[in-house]
Amino acid sequence: ETMTVDYARRYHTATASVGFGAGRRFVKQVDLSKRRKLMDLGGGSGAYSIVAAQTFPQLRAVVFDLPPVVVVTQEFIDRHGVAGRVTTQAGDFTKDAFPMGCDVAIMASNLPQYSRAIVAQVIAKAHAALQSGGEMHLIGEMLDDDRSGPADAAIWGLYETMANSTGIAHTRADCAQYFEAAGFTQIAVDEFI
């Protein structure tokens with residue numbers, strides 16, 4: 001609620017290199033050659049969308065993020081020469097309607113910031129908004145099913161508790177269950193980084 005354009009610019013400028021590296025890895029692992037439009041939920045700098053559009057010429061993308069953030073997203077889009085193929089939509093993906101006409105969705109690097117109910121709701125909204133045969137990729141730090149690690153997912157979940165947010169550390173099984181409950185099929189949990 002207190003996010004400003006200046007804060008969003010500082011944050012996403014500092015973290016964009018990680019996002020672009022992850023975006024390059026994502027397009028090497030996921031074949032988007034038959035996809036037409038991607039929605040990037042909470043996409044920040046737009047790194048995943050920008051790299052996907054640069055890699056797959058037929059692909060269009062929309063980065064859906066908070067109003068102050070999409071001002072900064074547009075700066076990254078312009079800087080990388082994909083304006084016209086990557087657009088923005090201002091809103092809160094936990095509350096507002098999703099972009100339409102998409103056949104692939106990504107939610108990356110913000111999983112532990114949200115409760116089980118919110119993540120399940122977002123995945124259900126994505127399933128409802130995606131065109132028939134669409135796919136969704138949830139990329140984030142997940143605990144092993146026995147909750148024994150890895151440490152980065154546990155630490156992020158602990159931080160969210162200390163920050164008094166609704167966020168938690170989700171297990172891989174939790175995430176698969178969110179997808180199943182939403183109606184997705186062919187659910188897989190893979191190591192990303």
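Read on for an overview of the structure. (Residues numbered from 1 in each chain as written. Predicted model: local features only at pLDDT ≥ 70, side-chain atom pairs only at ≥ 80, totals over all residues. Heavy atoms only, no water.)

## What about the nonpolar core?
To keep things clear, this is the line we draw: For our purposes a nonpolar core is just a set of buried Ala, Val, Leu, Ile, Met, Phe, Trp, Tyr and Cys residues, chained together by side-chain atoms within 4.5 Å. Relative accessibility decides the category of a residue: with a 1.4 Å probe and only protein chains considered, values under 20% of the type maximum give buried, values over 50% give exposed, and everything between is partly exposed. Helix and strand assignments follow DSSP, with helices taken as H or I runs no shorter than four residues and strands as E runs no shorter than two, numbered in order from the N terminus.
Within the largest apolar cluster, 30 residues are counted, with the highest numbers of intra-cluster contacts made by F26, L32, L38 and Y48. Elements supplying a minimum of two residues to this core: α1 (5-29), α2 (47-55), β2 (60-65), α3 (67-79) and β4 (104-108). Formed by 25 residues, the second largest nonpolar core is a distinct cluster that contains F93, A105, M107 and A182.

## Considering the pattern of salt bridges
Side chains carrying opposite charge are able to pair once their charged atoms draw close together. Our working rule: By definition, a salt bridge exists where a carboxyl oxygen of Asp or Glu is found within 4 Å of a side-chain nitrogen of Lys or Arg.
Under the counting rule described, the total for this entry stands at seven salt bridges. Between R9 and E75 there is a salt bridge, with its nearest N and O atoms 2.6 Å apart. Taken together, the positions of R9 in helix α1 and E75 in helix α3 put the pair 66 residues apart, joining distant regions of the chain. The class for R9 is partly exposed, based on a relative accessible area of 30%. Residue class for E75 comes out partly exposed when judged on its relative accessible area of 27%. For E135, the salt bridge is made with R35, and the minimal N-O distance between the two is 2.8 Å. With E135 in strand β5 (residues 135-139) and R35 in the loop between α1 and β1 (37-41), the pair connects residues that are 100 residues apart, well separated along the chain. As far as burial versus exposure is concerned, E135 and R35 are alike and both buried.

## Looking at the packing of α1 against α2
Let me state the cut-off plainly: A fitted line through C-alpha atoms serves as each axis, taken over the contacting stretch for helices, and the angle formed by two N-to-C directions is quoted from 0 to 180°. Our angle categories are set so that under 35 degrees counts as roughly parallel, over 145 as roughly antiparallel, 65 to 115 as roughly perpendicular, and the remainder as oblique. Whether a crossing is left-handed or right-handed is set by the direction in which the near helix is turned from the far one by less than a right angle, anticlockwise for left-handed and clockwise for right-handed. For this analysis, residues touch if any pair of their heavy atoms sits within 4.5 Å. Note on residue categories: nonpolar means Ala, Val, Leu, Ile, Met, Phe, Trp, Tyr, Cys or Pro, charged means Asp, Glu, Lys or Arg, and polar means any other residue, Gly included.
At a closest axis distance of 8 Å, the pairing of α1 and α2 adopts a crossing angle of 45°. It follows that α1 is oblique to α2 by the angle criterion. Between α1 and α2 lies a crossing of right-handed hand. Contacts from G19, F20, A22, G23, R24, F26 and V27 in α1 reach A47, Y48, I50, V51, A52 and T55 in α2. Here the contact of α1 with α2 is built from residues that sort into nine nonpolar, three polar and one charged.

## Observations concerning the packing of aromatic side chains
Spelled out, the test is: In this scheme Phe, Tyr and Trp rings, the latter by its six-membered ring, pair at centre separations within 6.5 Å, and the angle between planes marks the pair as stacked below 30 degrees, edge-to-face above 60, and tilted otherwise.
For the structure shown, the criterion picks out six aromatic pairs. The interplanar angle of 35° and the centroid separation of 6.4 Å between the aromatic rings of F20 and F76 together place this pair among those described as tilted. You can see F20 sitting in helix α1 and its partner F76 sitting in helix α3, a full 56 residues away along the chain. Given a relative accessible area of 9%, F20 falls into the buried group. By relative accessible area, which is 5% here, F76 ends up buried. Measuring from ring centre to ring centre gives 6.0 Å for F64 and F98, while their planes differ by 75°; the resulting arrangement is edge-to-face. Here F64, found in strand β2, pairs with F98, found in the loop between β3 (86-90) and β4; they are 34 residues apart in sequence, far enough to count as distant.

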